[in-house]
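Take a look at the letters that make up each chain.
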Amino acid sequence: VGHDGSHDGPISTPAVADGRVFGLGPFGQLFAVSAADGKEVWSTHLVDDHGSKKPHYGFSSSPVVAAGEVAVQIGAGEGKSIAGFKADTGELLWTLGDDAINYQSPVVAEIGGRQQVLSAGAQNLHGIDPATGEVLWSHAHGGDESAMGGGPSVPIPAADGRILMLNQLESAVMLQVKPAGDAYEVSELWTSDALKRTYSQPVIHDGYIYGMTGRIFTCVDAATGERKWRSREPGDGFPIVVGDHIVMITKPGSLHVIEASPEAYKEVASLEL
């Protein structure tokens, strides 16, 4: 058992690309293994080799692969919030950012026709060229340090260069990133208290956001931040999008298939796991 009753296994999601699996263990072991037979290709230790500080519950940043490189939020102090490693060798290529990192993960998105790695700390959001580590744009999103606000906030790409963040304990923000000549402009489209007080990251489908507000499942208009409906069913959990449905596993251990519709909550199937 880990800290405060937590479990002792890994809490980072691996990435699979080009015949390799890239993973990060809770104590800082970053590695690549062959997807075919599990043999180690390379490994490096974030604490021992790069000076990272282990978060209370362990490392949870999920690696992403873009432009032949692996990006991980390593939280190694000033100038080392996020790092890029060569996917085939594990060689450190670049680091940047000053924010402390607890349980955030980078995300790959295409903005203005250019693939970028989005990296959020509690205070700042960066758009990064994965090949070079160049910061394409930065934005102080004004997040707090709370455990259900800026602390674990992950940028969620929406359509047309929009990015959703649950950056405050009591509210979420939708940002707009647009190319402006050789640079980018970042603006705030809306803030809303319709999504708040949750560790669970929402999902976006066909112009609507589906996520938790506390333990209440909620649908929000992605264009305006206006709440469309909320439901006590199925309870607190973690949604993903599958086709035109939301599939959700709750913390007590039930599986639910829900229509992705702004009209009302409608469950079409469920299973006790």
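This text gives an overview of the structure that appears in the document. As the structure is a computational prediction, the values presented were derived from the model and not from experiment. (Residues numbered from 1 in each chain as written. Predicted model: local features only at pLDDT ≥ 70, side-chain atom pairs only at ≥ 80, totals over all residues. Heavy atoms only, no water.)

## As for the side chain of Asp129
Working step 1: The residue Asp129 is located in the loop between β11 (124–128) and β12 (135–140) in this model.
Working step 2: Using a relative accessible area of 12% as the deciding quantity, one classes Asp129 as buried.
Working step 3: With sequence-adjacent residues up to four places away left out, Asp129 is seen in contact with Arg114, Glu134 and Leu136. (Helix = DSSP H or I, 4+ residues; strand = E, 2+ residues; numbered from the N terminus. Buried < 20%, exposed > 50% of the residue type's maximum accessible area, 1.4 Å probe, protein only. Contact = heavy atoms within 4.5 Å.)

## Some words on the sheet that holds strand β15 (residues 171–180)
Working step 1: Taking strand neighbours across the sheet as the criterion, the four strands line up as β13-β14-β15-β16 in an open arrangement whose pairing is antiparallel. Whereas interior strands pair on both sides, the edge strands pair on one side only; in this sheet they are β13 (156–157) and β16 (183–192).
Working step 2: Sheet topology note: the β13/strand β14 (residues 162–168) ladder contains two bridges and is antiparallel. Bridge pairing in β14 links Pro157 to Ile163. (Pairing = 2+ DSSP bridges.)

## A word on the side chain of Ser171
Working step 1: If you trace the backbone, Ser171 turns up in strand β15.
Working step 2: Look past the residues within four positions of Ser171 in its chain and what remains in contact with it is Leu166, Ser192, Asp193, Leu195 and Lys196.

## Some points on the pairing of strand β2 (residues 20–24)
Working step 1: Inspection of the sheet shows strand β1 (residues 15–17) paired to β2 by three bridges, in the antiparallel sense. Within the sheet, the bridge partner assigned to Ala17 lies in β2 and is Arg20.
Working step 2: What sits between the antiparallel neighbours β1 and β2 is a turn of two residues, in which Asp18 has the positive phi angle 55°.
Working step 3: For β2 and strand β3 (residues 29–34), the ladder comprises five bridges, and the chain directions are antiparallel. Bridge pairing in β3 places Gly23 opposite Phe31.
Working step 4: Connecting the antiparallel pair β2 and β3 is a turn made up of four residues, with Gly28 showing a positive phi of about 115°.

## Here's the deal with the sheet that holds β12
Working step 1: Pairing is antiparallel across the open sheet formed by four strands, whose spatial order is β9-β10-β11-β12. In the strand order of this sheet, the two ends are held by β9 (107–111) and β12, each with one partner. For this sheet the average axis-to-axis angle between neighbouring strands, irrespective of direction, equals 25°.
Working step 2: Summarising the sheet, β11 and β12 pair through five bridges and their orientation is antiparallel. Looking at the pairing, Ile128 lines up with Val135 of β12. (Axes fitted to C-alpha atoms, helices over the stretch in contact; angles between N-to-C directions.)

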